[in-house]
Amino acid sequence: MPTAFDPIDLGGMTLSNRIAMAPLTRRRAYGEGLSATPLMAEYYSQRASAGLIIAEALQPSRIGQGYTDTPGLHDERQVQSWRPVTDAVHAAGGRIYAQLMHAGRSSHPDLLGDGLHPVAPSGVAAAGVVRISGTEPAVRKPYPVPTELAVADIGRTIADFADAADNAIRAGFDGVELHGAYGYLIQQFLSDNANRRDDRYGKTIDGRIRFVLELIDAVADRIGPRRLALRISPGCTAFGIRESDIDTLYTSLVGRLRNDLSYLHVFEFPGHRALTQKLRTLWAGTFMLNPHETGDSGPAGPDDLSLINDGSADILAFGTLFIANPDLVARLRAGGPFTPANPTTFYRGDHRGYTDYPTLPQPTASNH
């Protein structure tokens with residue numbers, strides 16, 4: 001069996017190892033119109049030793065934004081701002097995918113501005129509150145009841161994703177991951193408490209998976225399936241999401257996925273290891289896993305490397321460890337040490353807690 005440090009082919013592209021940097025929202029898109037910045041180029045290039053970087057979630061349209069200071073990929077300014085980021089990663093020997101995320105109902109008119117209102121499969125509000133101000137003190141408001149997407153609007157939303165995926169390739173990304181996890185728009189369609197439609201996009205499991213299957217086909221037609229991946233999180237309960245008969249829902253979805261995608265990425269929620277293993281068996285392509293077997297597992301860490309050795313996954317995605325350890329691959333290979341992350345600097349802010357984490361000392365050449 002291969003180890004996490006062995007190369008792997010991904011859609012015709014060779015990754016130097018099987019360790020991925022998971023998509024991590026950092027909310028530092030301070031460029032004009034929510035564009036990327038030189039600081040972001042430094043941040044990602046520092047982590048280019050990962051076999052694959054999956055960049056933070058980018059909204060495919062203005063109405064897809066769910067947080068303050070998150071980047072978009074729907075206008076030319078944003079596209080051009082990401083080119084220095086992807087160039088920096090490639091210059092450092094890395095590979096980078098863009099993750100496209102539409103927040104759906106998990107947004108607010110005051111965050112979106114210009115009279116826009118959040119949209120969703122059905123008019124069911126998300127649980128919790130959303131930050132709508134970029135300044136301190138934070139201003140938070142309850143999620144509103146979203147506008148139900150008409151069938152024509154679903155088509156336009158899919159077109160927005162396809163356009164943003166094309167923008168990602170023009171910006172130099174090696175591929176695109178669709179964010180079908182953590183309670184955002186794609187999972188809202190999958191969920192039977194967020195999706196109460198009685199048309200072909202609802203009612204049954206076949207109806208609820210229709211949106212993501214059509215979305216995948218549309219994006220694959222635009223950029224090619226070998227540069228396209230999907231992330232899912234079976235059993236996720238974020239923002240009040242509920243899914244009945246999770247095993248049938250996700251085995252049906254994965255069983256219907258086209259088999260020429262770049263990879264399937266499972267963000268595992270605690271208590272669903274048996275389903276993870278079932279999906280691993282069902283999916284014939286490259287299987288990426290961000291593991292959380294139990295509620296007290298914590299972020300993915302060095303003990304999870306064995307999941308590559310035993311064949312549970314082809315690629316492991318690490319999140320929190322990559323924030324504080326830009327040279328995580330070297331640290332995992334050496335068995336540590338690992339710098340702890342500072343949660344107070346996860347979101348917004350400047351370079352502190354972003355690009356100032358140390359790397360391991362480099363070995364010095366022998367004098368003889």
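Residues numbered from 1 in each chain as written. Predicted model: local features only at pLDDT ≥ 70, side-chain atom pairs only at ≥ 80, totals over all residues. Heavy atoms only, no water.

Engineer: How would you summarise the sheet that holds strand S14 (residues 315–318) if you had to cite specific residues and measurements?
Structural biologist: In spatial order, the strands read S3-S4-S5-S10-S11-S12-S13-S14; together these 8 strands close into a barrel with parallel pairing. The sheet shows a mean angle of 25° between the axes of neighbouring strands, taken without regard to direction. Here strand S4 (residues 52–58) pairs with strand S5 (residues 96–100) via 4 bridges, running parallel. Paired with isoleucine 53 across the two strands is isoleucine 96, which belongs to S5. Sheet strands in contact with helix H1 (residues 38–46) are strand S3 (19–21), S4 and S5, and its direction is about 145° off that of S4. (Pairing = 2+ DSSP bridges. Helix = DSSP H or I, 4+ residues; strand = E, 2+ residues; numbered from the N terminus. Axes fitted to C-alpha atoms, helices over the stretch in contact; angles between N-to-C directions. Contact = heavy atoms within 4.5 Å.)

Engineer: Explain helix H7 (residues 210–223) to me, using residue names and the numbers behind them.
Structural biologist: For H7, with 14 residues, the first-to-last C-alpha span of 20 Å sits near the 20 Å given by 1.5 Å per residue. Restricting attention to buried positions, one finds in H7 the residues Phe211, Val212, Leu213, Leu215, Ile216, Val219, Ala220 and Ile223. Buried residues along H7 sit in contact with helix H4 (151–170), strand S10 (175–180), helix H5 (185–190), helix H6 (205–208), strand S11 (228–232) and helix H8 (246–256). (Expected span 1.5 Å × (residues − 1). Buried < 20%, exposed > 50% of the residue type's maximum accessible area, 1.4 Å probe, protein only.)

Engineer: With reference to specific residues and values, describe the UniProt feature "domain: NADH:flavin oxidoreductase/NADH oxidase N-terminal" (unreviewed entry) in the protein.
Structural biologist: Per the UniProt annotation, the sites labelled "domain: NADH:flavin oxidoreductase/NADH oxidase N-terminal" (unreviewed entry) are residues 5–335. As a span, residues 5–335 carries 33% helix and 17% strand, and end to end its C-alpha atoms are 13 Å apart. (UniProt positions renumbered as here; feature names shortened; annotations may be inferred.)

Engineer: Any chance you could break down the packing of H4 against H7 for me, citing the residues and the numbers?
Structural biologist: Following both chains from N to C, one finds H4 and H7 inclined at 35°, their axes separated by 9 Å at the closest point. Between H4 and H7 the crossing geometry is right-handed. Each of Ile154, Thr157, Ile158, Phe161, Ala162, Asp163, Ala165, Asp166 and Ile169 in H4 lies in contact with H7, whose residues at this interface are Phe211, Glu214, Leu215, Ala218, Val219, Arg222 and Ile223. Here the contact of H4 with H7 is composed, by residue class, of 11 nonpolar, 1 polar and 4 charged. (Left-handed = near helix turned anticlockwise from the far one by under 90°. Nonpolar A, V, L, I, M, F, W, Y, C, P; charged D, E, K, R; others polar.)

Engineer: Report on unusual backbone geometry, specifying residues and quantitative values.
Structural biologist: Residue glutamate 136 is joined to proline 137 through a cis peptide bond whose omega torsion reads -5°. Cis peptide bonds are those with omega within 30 degrees of zero, and the linkage from glycine 336 to proline 337 qualifies with 0°. By the secondary structure assignment, proline 337 is in the segment after helix H12 (328–334). With phi around 55°, aspartate 114 is a residue other than glycine that occupies positive phi space. Relative to the elements of secondary structure, aspartate 114 occurs in the loop between helix H3 (109–112) and strand S6 (119–120). Here the phi dihedral of phenylalanine 239 falls at roughly 60°; this positive angle occurs in a residue that is not glycine. Here phenylalanine 239 lies in the loop between S11 and H8.

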